[in-house]
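# Chain and residue survey
One-letter residues, chain by chain:
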Amino acid sequence: SGGKILAEKQNVKAWAIAGGILYGGYLFLATLLEAFNIQFLGFNSKAFEFIVQALHPEIQPTVTGALIGLPYGFLCGAIGLGLLAWLHNKFAGKV
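Just so we're clear, the structure is a prediction, and the values are computed from it rather than from any experiment.

It is worth spelling out unusual backbone geometry at this point. Phi is positive for Asn37, which is not a glycine, with a value near 55°. Given a relative accessible area of 57%, Asn37 falls into the exposed group.

Tracing the backbone through its elements, the reader meets Trp86 in helix α3 (residues 63–91). A sequence separation of 21 residues divides Trp86 from Gly65, and the C-alpha atoms of the two residues are 31 Å apart.

Ranked by size, the top nonpolar core spans 8 residues in total: Leu27, Ala30, Leu33, Phe43, Ala47, Phe48, Val52 and Ile59. In contact with Phe43, not counting residues within four places along its chain, are Tyr26, Ala30, Leu33, Ile38 and Phe48.

A word on the side chain of Thr31. Within the fold, Thr31 resides in helix α1 (residues 12–35). Given the relative accessible area of 0%, Thr31 is considered buried.

The next point concerns the packing of α1 against α3. Put simply, α1 and α3 touch, their axes get as near as 6 Å, and they point 150° apart. For the element pair α1 / α3, the angle class is roughly antiparallel. Our pair here, α1 against α3, has a crossing hand that is right-handed. The class makeup of the residues in the contact of α1 with α3 is 21 nonpolar, 11 polar and no charged.

This part takes up the side chain of Asn89. The residue Asn89 is located in helix α3 in this model. Of the residues examined, Asn89 reaches a relative accessible area of 14% and is grouped as buried. At a separation of 2.6 Å, a polar atom in the side chain of Asn89 contacts the main-chain amide nitrogen of Gln10.

What counts and what doesn't
- Starting afresh in each chain, residues are numbered from 1 along the sequence in its written order.
- pLDDT decides what is reported in this predicted model: residues at 70 or higher carry local features, side-chain atom pairs at 80 or more are listed and counted, and totals for whole chains, interfaces and linings draw on all residues regardless.
- Only heavy atoms go into the side-chain values, all of them from the structure, while hydrogens and water stay out.
- Think of it in three bands: with a 1.4 Å probe and only protein chains considered, a residue is buried below 20% of the maximum accessible area for its type, exposed above 50%, and partly exposed in between.
- Going along the chain from the N terminus, every DSSP run of H or I of four or more residues is numbered as a helix, and every run of E of two or more is numbered as a strand.
- In plain words, nonpolar cores are sets of buried Ala, Val, Leu, Ile, Met, Phe, Trp, Tyr and Cys residues tied together by side-chain atoms within 4.5 Å.
- What makes two residues a contact is simply this: any of their non-hydrogen atoms within 4.5 Å.
- An axis is simply a line fitted to the C-alpha atoms; with a helix, the fit covers only the stretch in contact. Between two such axes, the angle follows the N-to-C directions and lies from 0 to 180 degrees.
- Here the word oblique covers every angle except those under 35 degrees (roughly parallel), over 145 (roughly antiparallel) and from 65 to 115 (roughly perpendicular).
- Whether a crossing is left-handed or right-handed is set by the direction in which the near helix is turned from the far one by less than a right angle, anticlockwise for left-handed and clockwise for right-handed.
- Residue classes follow a fixed rule: Ala, Val, Leu, Ile, Met, Phe, Trp, Tyr, Cys and Pro count as nonpolar, while Asp, Glu, Lys and Arg count as charged, and any other residue, Gly among them, counts as polar.
- Side-chain atoms alone can form a polar contact between residues adjacent in sequence; in general such a contact is a pair of N or O atoms within 3.5 Å, and within protein one must be able to donate a hydrogen while the other accepts it.

And the structure:
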């Protein structure tokens, strides 16, 4: 008791896989939308340049670029959210 809240440990592998799927899928779809010049929910060429190419200049708006972005995005997303979950577990309950 005493008002202390215990932080629940996170499954690092599950967070890494989820992050990889989400970011890989995002890069794939965003690159395809730009490759075929499709504007969807406010996503257009300027958004692609600002969001995707600012972070990943090697991804070009082509079908090949989308296929390159899929595993690349999976790796980046997995590392990012896996690291976030690991840090949470490392510091949970210490703050």
